[in-house]
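Each chain is listed here by its residues.
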Amino acid sequence: MRRIVVRYHSSRMLLTLDVYKLFEILVEVFGECSITFEPMSDSEKNESVENVDGIELVRRRFMVLELLPEKRFVRHENIENRCLHEGMKVGVRADGN
């Protein structure tokens, strides 16, 4: 069974995502799989934030990672983008702002 890890910037950022659509897409793409949620590491958080005129903007709210048998992660940005565009909640832009 494939192991999928969704790493999120913060619970607030995760709540801006349609989690039902996220599950729907993950099951469609990976089939039977194990899905876990984990907070991003500090370095991942730092990489996901952009400072614009003194305001920190979260550019990456979450990451979809697949744990391969050799214990390394592969990031699936195409699935992340699909989840953002297909599961965007009303009043939330795709960039999270």
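As a reminder, the structure under discussion sits directly above these lines.
In what follows, the accompanying structure is described.

Analysis parameters
Residues numbered from 1 in each chain as written. Predicted model: local features only at pLDDT ≥ 70, side-chain atom pairs only at ≥ 80, totals over all residues. Heavy atoms only, no water. Buried < 20%, exposed > 50% of the residue type's maximum accessible area, 1.4 Å probe, protein only. Helix = DSSP H or I, 4+ residues; strand = E, 2+ residues; numbered from the N terminus. Arc of directions from axis to C-beta. Contact = heavy atoms within 4.5 Å. Pairing = 2+ DSSP bridges. Axes fitted to C-alpha atoms, helices over the stretch in contact; angles between N-to-C directions. Expected span 1.5 Å × (residues − 1). Polar contact = N/O pair within 3.5 Å; in protein donor to acceptor, adjacent residues only side chain to side chain.

**A word on helix α4 (residues 77-86)**
Argument step 1. The complete set of buried residues in α4 reads I79, E80, C83 and L84. Down the axis, α4 shows its buried residues gathered within 135 degrees of arc, on one side only. Those residues of α4 that are exposed and angled more than 90 degrees off the buried face are N78 and H85.
Argument step 2. The elements touched by buried residues of α4 are α2 (19-30), β5 (62-67) and β6 (73-75).

**Digging into the pairing of strand β4 (residues 55-58)**
Argument step 1. Pairing between strand β3 (residues 49-52) and β4: 4 bridges, direction antiparallel. Residue pairing in the sheet places V49 in a bridge with V58 of β4.
Argument step 2. What sits between β3 and β4 in their antiparallel hairpin is a turn of 2 residues, with D53 showing a positive phi close to 55 degrees.

**Regarding the sheet that holds strand β1 (residues 2-8)**
Argument step 1. A sheet is described by the order of its strands in space; here 4 strands give the open sequence β2-β1-β5-β6, paired in mixed fashion. A single partner strand is all that each edge strand has here, and the edge strands are β2 (33-39) and β6. Averaged over all pairs of adjacent strands, the angle between their axes in this sheet comes to 30 degrees, without regard to strand direction.
Argument step 2. Sheet topology places β5 next to β6; 3 bridges connect them, and they run antiparallel. Paired with L65 across the bridge in β6 is R75.

**Things to note about α2**
Argument step 1. With 12 residues, α2 extends 16 Å between its outermost C-alpha atoms, agreeing within 8% with the 16 Å of an ideal straight helix rising 1.5 Å per residue.
Argument step 2. Packing partners of the buried residues in α2 comprise β1, β2, β5 and α4.
Argument step 3. Taking the backbone nitrogen of Y20 as reference, a side-chain oxygen 3.1 Å away marks D18 as the first, capping residue of α2.

**A closer look at unusual backbone geometry**
Argument step 1. In the Ramachandran plot, D53 falls in the positive-phi region, its phi being about 55 degrees despite a non-glycine side chain.
Argument step 2. Note on placement: D53 falls in the loop between β3 and β4.
Argument step 3. Looking at D53, the relative accessible area reads 76%, which means it is exposed.
Argument step 4. Positive phi outside glycine occurs at K71, with the angle close to 65 degrees.
Argument step 5. Mapped onto the elements of the fold, K71 is located in the loop between β5 and β6.
Argument step 6. With relative accessibility at 66%, the residue K71 sits in the exposed group.

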